[in-house]
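Coordinate inspection notes
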Amino acid sequence: MTDKTGGPLVYVALGGAGEIGMNCYLYGLGEVRDRRWIMVDLGIGFGDMETAPGVELILPDLEFILGEKGRLEAIFLTHGHEDHVGAIPHLWAGLKVPVYARAFTAEIVRRKMSEAGLDPKIVRQVGLGERVEAGDFSVEWLAVNHSIPEASMLAIRTPVGTVVHTGDFKMDAEPQLGEPFDMAVLEALGSEGVLAVTCDSTNVFVRGESKSESSIIANLRARIEAAPRAVAATTFASNVARLRTLAMAAHDAGRSIVVVGRAMRRMIEMAVATGQLTDFPPVVAEDRIADIAPENLFYLVTGSQGEGRAALARIAAGSHPAVKLTEGDTVLFSSKNIPGNEANIYRLYNRLSEQGVRVIDGEMDHIHVSGHARRGDLKRVYAALKPQVSLPMHGEHRHLVEHVRLARRWGVPEALLAPNGAVVRLDGNAPGVVEQVETGRVYLDGRVQIGALDGVVRERLKLARNGQVVVAVVVDMDGDLIADPEVRCLGAPKHGPGWKAALDEMIARAVDDALEGAAKKAKRTDAALEQLITRAARGVAVHHWGKKPVMTVLITRLEDD
Ligand SMILES: [Zn+2]
Ligand SMILES: [Zn+2]
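Calculation criteria
Residues numbered from 1 in each chain as written. Chains lettered and ligands numbered in written order. Predicted model: local features only at pLDDT ≥ 70, side-chain atom pairs only at ≥ 80, totals over all residues. Heavy atoms only, no water. Helix = DSSP H or I, 4+ residues; strand = E, 2+ residues; numbered from the N terminus. Buried < 20%, exposed > 50% of the residue type's maximum accessible area, 1.4 Å probe, protein only. Contact = heavy atoms within 4.5 Å. Areas by Shrake-Rupley, 256 points an atom, 1.4 Å probe, with all protein chains shown as cover. Lys, Arg positive; Asp, Glu negative; His and termini not counted. Charge placed at Lys NZ, Arg CZ, Asp CG, Glu CD. Domains from an automatic or database assignment. Salt bridge = Lys/Arg side-chain N within 4 Å of Asp/Glu carboxyl O. Nonpolar A, V, L, I, M, F, W, Y, C, P; charged D, E, K, R; others polar. 1 Å grid on protein atoms, 1.4 Å probe; cavity = no way out; pocket = protein on both sides within 12 Å on 5 of 7 lines; lining within 4 Å. Points joined across faces, edges and corners; volume = space filled by probe spheres on them. Donors = N, O, S within 2.8 Å, 3.2 Å for Na, K, Ca; no water. Tetrahedral: all angles 85-135°; square planar, octahedral: opposite > 155°, others 65-115°. Axes fitted to C-alpha atoms, helices over the stretch in contact; angles between N-to-C directions. Parallel < 35°, antiparallel > 145°, perpendicular 65-115°, else oblique.

A few words on the overall build of the chain. Within the chain, the regular secondary structure consists of 15 helices and 29 strands. C-alpha extents for the chain along the principal axes are approximately 90 × 70 × 45 Å. Burial analysis of the chain (561 residues in total) assigns 54% to the buried set. For the chain, restricting intrachain contacts to residue pairs at least 6 apart in sequence, the fraction spanning at least 24 positions comes to 70%. Summed over all atoms, the accessible surface of the chain reaches about 24,800 Å², with 49% contributed by carbon and sulfur. Averaging the locations of the 64 positively and 73 negatively charged side chains of the chain gives two centres separated by 3 Å.

Okay, here's the thing in structure tokens:
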């Protein structure tokens, strides 16, 4: 494969190859100066209290592609999960290119665009097997199974070869919603010739082959039938196949189904509107609950990850307006505990447990199956596609390394570790990393996008760990106090062992003493004064409290009359 027309062909991840989340991948065709690009997916990651307190969302830093002015052709979406589409409403204005997706994904993104006050018409709907031309790229959508309707693999054809971008996928012969996995489609691509596969690494450590959605039906039904009173089940709102599986099991067990939580009602509505969901059992409205005996009730509720504002957390807290759970009721967690959410989830389990509610966990009991291919499935994908190059993605660094090792073992000629920012040349005799570009994270904090390295979050973490002391002084031109210093301590204890006074009083006295005893020269400028006050106040905190709070000094200097 030489660069006859269009080459070289390059790949680079701006997010997703080094974390599970924030997926954003680029493919470029042509010489560096006039290279044309396409983007696959543009998702978010979520902040956590540990590393980014208060941060709502994490977005990929698009500086690199923004620098390739006007040379991005379009964005192609594999499926509608937040880690693949969530950043579009926040970052699209900088890119202004068409977005292509299948119906269900397109509908999700259109709603997001409208809510953000942007034009939903930039999202263009494509069908299975349809090809979209963008520059010298031709992109085709192929159906795969996952945990959301219409998940797709992209076949990206270029003049120098075809790249198969798997997206998130699993293989399911009985998916309960959408088409069964069709290996023949991959085999056909394989015989057409595949240059590279950019492949999901989420479950690379899990041996064997993924289990079918159909494998949990009997167990779910048994659990629901055996429950003495009301049953509530939770899963991700976008896992429409699971919502259907759960609702069918409850319906067969003779229970009335109530859907609780806006996100879930919306997903069901969209799946019906786009023709995905045709046989969802009848549901009853929340205001009918009182008419139905608890042993005949089945709730589908949002909040499987312990999210504070979701329905299940509110039910557990007793603050949900319509749904109450009590002694003898059962909650089924038909979902995975996403790493980082465990603390919230276990808090929720305990809250429910304290009220006599039985909690059945999807990781202990077989009432959940993953939406990602296991090791055995990955092996079958490589065997069918027979690519020259394997590019592991959708994984933390350790997942990518393991995936590279396995791909080599399975006989893929080149398996490349390409973390975010590594530009890989795919065509030519020796595919490999040719360049490194800037990547990073942008935090969405309230309505403002801030760089992860801007220091805002670092400062917030310091405040969270050490508290803050504010000292305000009014001084004359010599720096002598005109009034007593004002001190406020935030996130600090007021009294401690052996303290003769409250912390703020001790600090005020120390500041007073320090200014009293200081030479005139040390008080003449505000900078010097601030240093003096900081040292005195922090000294008290370190000595008595044993911590170094964030210091804020406010100086008002009054002119002498
Ligand atoms: Zn996904
Ligand atoms: Zn994903």
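Moving on, we come to the domain arrangement of the chain. Much of the literature gives interface size as the accessible area that the parts lose upon coming together. Under the domain assignment used here, the chain contains domain 1 (9-208 + 370-447), domain 2 (214-361) and domain 3 (456-557). If you average the C-alpha positions of domain 1 and of domain 2, the two centres end up 31 Å apart. Listed as interface residues are 16 residues of domain 1 and, on the opposing side, 16 residues of domain 2. If you look at where domain 1 meets domain 2, you find two salt bridges. Of the charged contacts in the structure, one is a salt bridge between E115 and R266, with a shortest N-O distance of 3.1 Å. In the side of domain 1 that touches domain 2, the residues fall into seven nonpolar, four polar and five charged.

With that out of the way, let us pick up the environment of I555. Here I555 shows up in strand β29 (residues 550-557). Taking the C-alpha atoms as reference points, I555 and A311, separated by 244 residues in sequence, lie 49 Å from one another. Excluding residues within four positions of it along the chain, I555 makes contact with V473, V475, D526, L529 and E530.

What the second largest pocket holds in volume is close to 290 Å³. Along the walls of the second largest pocket sit 25 residues, with V144, N145, I148, L177 and G178 positioned nearest its centre. Tallied by class, the residues present in the lining of the second largest pocket amount to ten nonpolar, eight polar and seven charged. Among the domains, domain 1 (9-208 + 370-447) and domain 2 (214-361) are the pair contributing at least three residues each to the lining of the second largest pocket.

Turning our eyes to something else, we now look at the coordination of the zinc ion (ligand 1). Taken together, H79 (NE2), H81 (ND1), H146 (NE2) and D168 (OD) make up the full set of protein donors to the zinc ion (ligand 1), lying 2.1 to 2.3 Å away. Of note is the zinc ion (ligand 1), whose four donor atoms meet at the metal with angles of 91 to 163° in an arrangement that counts as irregular. Separating the zinc ion (ligand 1) and the zinc ion (ligand 2) is a distance of 3.4 Å, and D168 donates to both of them. As far as burial versus exposure is concerned, H79 and H81 are alike and both buried.

Here helix α3 (residues 88-95) crosses helix α4 (residues 103-115) at 75°, and the two axes come no closer than 9 Å. In terms of their interaxial angle, α3 and α4 are classed as roughly perpendicular. Here I88, P89 and W92 of α3 come into contact with α4, specifically with V109, K112 and M113.

Moving on, we come to the coordination of the zinc ion (ligand 2). Every protein donor of the zinc ion (ligand 2) is accounted for by D83 (OD), H84 (NE2), D168 (OD) and H394 (NE2), and the metal-donor separations fall at 2.1 to 2.2 Å. In this structure, the zinc ion (ligand 2) is surrounded by four donor atoms whose angles at the metal cover 87 to 165°, and the resulting shape is irregular. Counting gaps between the donor residues of the zinc ion (ligand 2) yields the pattern D-H-x83-D-x225-H. Residue H394 is classed as buried on the basis of its relative accessible area of 1%.

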